Amino acid sequence: MNLDDLEDLAAQYRAASADVRQEVRVCLAASCQSSGAQPVFDALVAELGEQRPDCKVKGVGCMGLCSAGPLVSVAAPQSGLEESTLYRDVAPEDAGEIIASLDGAPVARLHCPTDQPFFTRQHKIVLENAGIIDPDSFRGYVAQGGYAALVRALSEMTPADVLREVTESGLRGRGGGGYPTGLKWSTVAKMPGERKYVICNADEGDPGAFMDRAILESDPHRVLEGMAIAAYAIGASKAYVYVRAEYPLAVERFQTAIRKAKRSGFLGNKIADTQFSLEVEIRLGAGAFVCGEETALMASIEGLRGQPRPRPPYPAESGLWGCPTLINNVETFANIVPIIREGGDWFATIGTERSKGTKVFALAGTITNTGLIEVPMGTALRDIIEVIGGGIPGGKAFKAVQTGGPSGGCIPAAHLDIAVDYDSLKTLGTMMGSGGMIVMDETSSMVDVARYFMEFCMTESCGKCIPCRTGTQQMHAILDRLAKGQGSRADLALLEELCEVVQATSLCGLGQTAPNPVLSTMRYFRDEYEAKLGADRQVSLTDSQ
Ligand SMILES: Cc1cc2nc3c(=O)[nH]c(=O)nc-3n(C[C@H](O)[C@H](O)[C@H](O)COP(=O)(O)O)c2cc1C
């Protein structure tokens, strides 16, 4: 299989659907499915019947505006969401009207304008195929240029060339830490040893985060192709995708992608007639947050209890079964294809000095447009919340946005003009994390928010190290007292001390960052903690047990 063969495949797909003038695309990602998209799809298929070979009803991935689902778009083949007629809150009963409108004016009462900032202010790289292609269609992916980057890498580039492009791109890991991807790949590539592994981290345990799920459900081949390019660059022939079992649709679509890629010669032995071979296997996680931490994840793949171990050694040096292992997040891998296709220097023109490319965010909480967005790094937080997100519904005031999940913090209104990138968020005491953004209005209690995240960390602590196991319990007990108006000034002092200790002494990132939501809410909303103080009693550690 060379680039010409790929082009032939794409041409065959286009020829087979040459008569199709209009596609009626139904979002069949998890969010729209939960609001009833499957019956809408079935009703549209039944309504269209066999009479219209020039139209086709097609299941696609996430279109982004989840709060308006089920979403249906009518578009010319290959065209993007912005060029389509978009319908919101579609019910099966609307199918007749939508199909009848294909030859005339759009159905006004269902129409959702795509010239609004939610759509026009985004910059889609990772999500460029989402909501357009059928995630289960191998040929559909190829028709969008899919697998050309892999074939190019294998036939025209050495592993060192691939490493150079990825390094030049400035891409940083999207799983939370922001570690430079090119540096990580180069480290694994340099390690001696016959056996090396690639792992795609699709554990996604942060409350409010659904970016990776949507990427896998919308464009699974994109992630697979990125993983294959990575395996070629570092010299691996075995890869794993670790995905939580609570994501059955993502698992099913990824499984289908693996099967079809293998059948077409893009996985398995001697890919694209080269000496490069790769097997990809899915491993299901049982939903423990700590299993997203790389060393715990690897233990889980090895069949051991999913608990972290100290680093070093880092996975790049000694990972799965003691072999050098490259572990990256879903979105990190999804960025690889455009980097190889357009060049690392192109990618580096997008974003900020130290945070390149775009970032996918999951907007949740009290915000008008909940859903999935992709914007260039460095976009102002205010633009994300007020312009793209449409602000706070019901005339209420914005209070804070929580970023970075249980490892992050809350940003108050005073800092809404910050440019969102890895480094700027850190200066505010929070972090980018994997991309969850939970927006809160004036009615939210920030002490409750801190208590919620601490309860999450307490429940999810694996118990291996004492600071995290007991520290999160103690901090939660204090926060619970404070939230109930029974805390004291001594509680506040003790809470701050515990934050420092747990941060400094925990074994892994879960404990090390568990205090962040407390520290950031204390920093920006101290008055709310003060207002909650009850009788000013002295509290010792034993009282709070
Ligand atoms: C408690 C905890 C949970 C984590 N969960 C995830 C996760 O769900 N997905 C992910 O990609 N990274 C997660 N990470 C970060 C990983 O350990 C690792 O840094 C990441 O997968 C590396 O990929 P990247 O370089 O592409 O970001 C987690 C870290 C910690 C400490």
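What counts and how
Residues numbered from 1 in each chain as written. Predicted model: local features only at pLDDT ≥ 70, side-chain atom pairs only at ≥ 80, totals over all residues. Heavy atoms only, no water. Pairing = 2+ DSSP bridges. Helix = DSSP H or I, 4+ residues; strand = E, 2+ residues; numbered from the N terminus. Axes fitted to C-alpha atoms, helices over the stretch in contact; angles between N-to-C directions. Contact = heavy atoms within 4.5 Å. Phe/Tyr/Trp six-rings, centres within 6.5 Å; stacked < 30°, edge-to-face > 60°. Buried < 20%, exposed > 50% of the residue type's maximum accessible area, 1.4 Å probe, protein only. 1 Å grid on protein atoms, 1.4 Å probe; cavity = no way out; pocket = protein on both sides within 12 Å on 5 of 7 lines; lining within 4 Å. Points joined across faces, edges and corners; volume = space filled by probe spheres on them. Nonpolar A, V, L, I, M, F, W, Y, C, P; charged D, E, K, R; others polar. Near = heavy atom within 4 Å. Polar contact = N/O pair within 3.5 Å; in protein donor to acceptor, adjacent residues only side chain to side chain. Sits in = over half its atoms within 2 Å of the grid points. Parallel < 35°, antiparallel > 145°, perpendicular 65-115°, else oblique. Left-handed = near helix turned anticlockwise from the far one by under 90°. Domains from an automatic or database assignment. Buried area = accessible area lost by both parts, 1.4 Å probe. Salt bridge = Lys/Arg side-chain N within 4 Å of Asp/Glu carboxyl O.

A few points about the sheet that holds strand 12 (residues 409-412)
- Within the open sheet, the five strands sit side by side as 10-9-13-11-12. Their pairing is mixed. Each edge of the sheet is formed by a strand with only one pairing partner; in this case those strands are strand 10 (371-376) and strand 12. Here the strands of the sheet are splayed against their neighbours by 30 degrees on average, with no regard to which way each runs.
- As paired strands, strand 9 (residues 358-365) and strand 13 (residues 436-441) are joined by four bridges and run parallel to one another. Its bridge partner being in strand 13, alanine 364 is matched across the sheet by isoleucine 438.
- Across the sheet, helix 17 (residues 381-388) touches strand 9, strand 10, strand 11 (398-403), strand 12 and strand 13, and the angle it forms with strand 10 is around 140 degrees.

Notes on the packing of aromatic side chains
- Counted by the stated rule, this structure contains twelve aromatic pairs.
- For the ring pair tyrosine 232 and phenylalanine 276, a centre distance of 5.7 Å and an interplane angle of 75 degrees mean the geometry is edge-to-face. Of this pair, tyrosine 232 sits in helix 11 (residues 220-234) while phenylalanine 276 sits in the loop between helix 12 (248-263) and strand 7 (279-285), and the two are 44 residues apart along the sequence. Pair check on accessibility: tyrosine 232 and phenylalanine 276 agree, each one buried.
- On the numbers, 6.2 Å between centres and 50 degrees between planes, the contact of tyrosine 240 with tryptophan 321 is tilted. In this pair, tyrosine 240 sits in strand 6 (residues 238-244) while tryptophan 321 sits in the loop between helix 13 (294-301) and strand 8 (325-329), placing the two residues 81 residues apart along the sequence.
- Given the relative accessible area of 5%, tyrosine 240 is considered buried.
- One aromatic cluster is present, built from ring pairs that chain together Phe138, Tyr141, Tyr147 and Phe266.

Considerations on the layout of surface pockets
- Size it by volume and the largest pocket reaches roughly 1200 Å³.
- Taken together, 40 residues line the largest pocket, and the ones lying closest to its centre are Gly175, Gly176, Gly177, Gly292 and Glu294.
- When residues of the lining of the largest pocket are traced back to their parent elements, those giving at least two are helix 9 (181-190), strand 8 and helix 22 (509-513).
- Each residue belonging to the lining of the largest pocket can be placed in one class, and the counts come to ten nonpolar, 20 polar and ten charged.

A look at the site of the ligand
- Around the ligand there are 18 residues in total, and Gly175, Lys184, Glu204, Asn329 and Thr332 lie nearest to it.
- A distance of 3.0 Å is found between an oxygen atom of the ligand and a backbone nitrogen or oxygen belonging to glutamate 294.
- Within the contact set of the ligand, an oxygen atom lies 2.7 Å away from a side-chain nitrogen or oxygen of threonine 332.
- According to the grid-proximity analysis, the pocket containing the ligand is the largest pocket.
- Only strand 8 and helix 22 provide two or more residues apiece to the shell around the ligand.
- In terms of residue count, strand 8 provides more of the shell around the ligand than any other element does, three residues in total.
- Broken down by class, the residue content of the shell around the ligand amounts to three nonpolar, nine polar and six charged.

Section: the side chain of aspartate 491
- Among the structural elements, aspartate 491 can be located in helix 21 (residues 489-505).
- Given a relative accessible area of 0%, aspartate 491 falls into the buried group.
- Here the side chain of aspartate 491 touches arginine 481 through a polar contact of 2.6 Å, side chain to side chain.

Comments concerning the pairing of strand 9
- Most of strand 9 is tucked away, with seven of its eight residues classed as buried.
- Bridging between strand 9 and strand 10 involves six bridges; their strand directions are antiparallel. By the bridge assignment for strand 10, valine 360 is matched with glutamate 374.
- Counting the residues in the hairpin turn of strand 9 and strand 10 gives five residues.

A few points about the sheet that holds strand 3 (residues 72-75)
- If you walk across this open sheet you meet the four strands as 2-1-3-4, and the pairing is mixed. The open sheet terminates on both sides in strands that have one partner only, identified here as strand 2 (55-60) and strand 4 (85-87). Taking the axes of each pair of neighbouring strands and ignoring which way they run, one obtains an average angle of 20 degrees across the sheet.

Details of the packing of helix 11 against helix 12
- Relative to each other, helix 11 and helix 12 sit at 60 degrees, their axes nearing to 9 Å. Considered as vectors, helix 11 and helix 12 are oriented oblique to each other. Crossing of helix 11 over helix 12 shows right-handed handedness. Residues Pro220, His221, Val223, Leu224 and Met227 of helix 11 form the contact with helix 12, whose participating residues are Arg253, Phe254, Ala257, Ile258, Lys260 and Ala261.
- Its residues placed into classes, the contact of helix 11 with helix 12 shows eight nonpolar, one polar and two charged.

Side note on the domain arrangement of the protein
- The domain architecture assigned to the protein consists of domain 1 (19-115), domain 2 (145-348), domain 3 (358-441) and domain 4 (446-535).
- Once you take the C-alpha centre of each, domain 1 and domain 3 turn out to be 30 Å apart.
- The partner domain 3 presents five residues to the five residues of domain 1 that form the contact.
- Summed over both partners, the interface of domain 1 with domain 3 comes to about 340 Å²; 57% of that surface belongs to carbon and sulfur atoms.
- The interface formed by domain 1 and domain 3 includes zero salt bridges.
- At the boundary of domain 1 and domain 3, one finds three residue pairs in polar contact (both at pLDDT 80 or more).

Side note on empty space enclosed by the protein
- All told, the structure shown has four cavities of 30 Å³ or more when counted by the stated rule.
- Computed from the structure, the largest cavity encloses a volume of approximately 70 Å³.
- If you go around the largest cavity, the residues you meet are Val290, Pro308, Ser461, Cys462, Gly463, Lys464, Cys465, Cys468, Leu507, Cys508, Leu510 and Gly511.
- Among the residues making up the lining of the largest cavity, the classes are represented as eight nonpolar, three polar and one charged.
- Computed from the structure, the second largest cavity encloses a volume of approximately 60 Å³.
- Around the second largest cavity, the lining residues are Tyr13, Glu23, Lys58, Gln78, Ile132, Ile133, Asp134, Gly140 and Gln144.

Notes on the environment of glutamate 7
- Topologically, glutamate 7 is positioned in helix 1 (residues 3-16).
- Each C-alpha atom, one on glutamate 7 and one on alanine 148, is 8.6 Å from the other, the two residues being 141 residues apart in sequence.

As for the pairing of strand 8
- Most of strand 8 is tucked away, with five of its five residues classed as buried.
- Residues of strand 8 alternate between two faces, with Thr325, Ile327 and Asn329 on one and Leu326 and Asn328 on the opposite face, all of them buried.
- The pairing of strand 5 (residues 197-202) with strand 8 spans five bridges and is parallel. Its bridge partner being in strand 8, cysteine 200 is matched across the sheet by asparagine 328.

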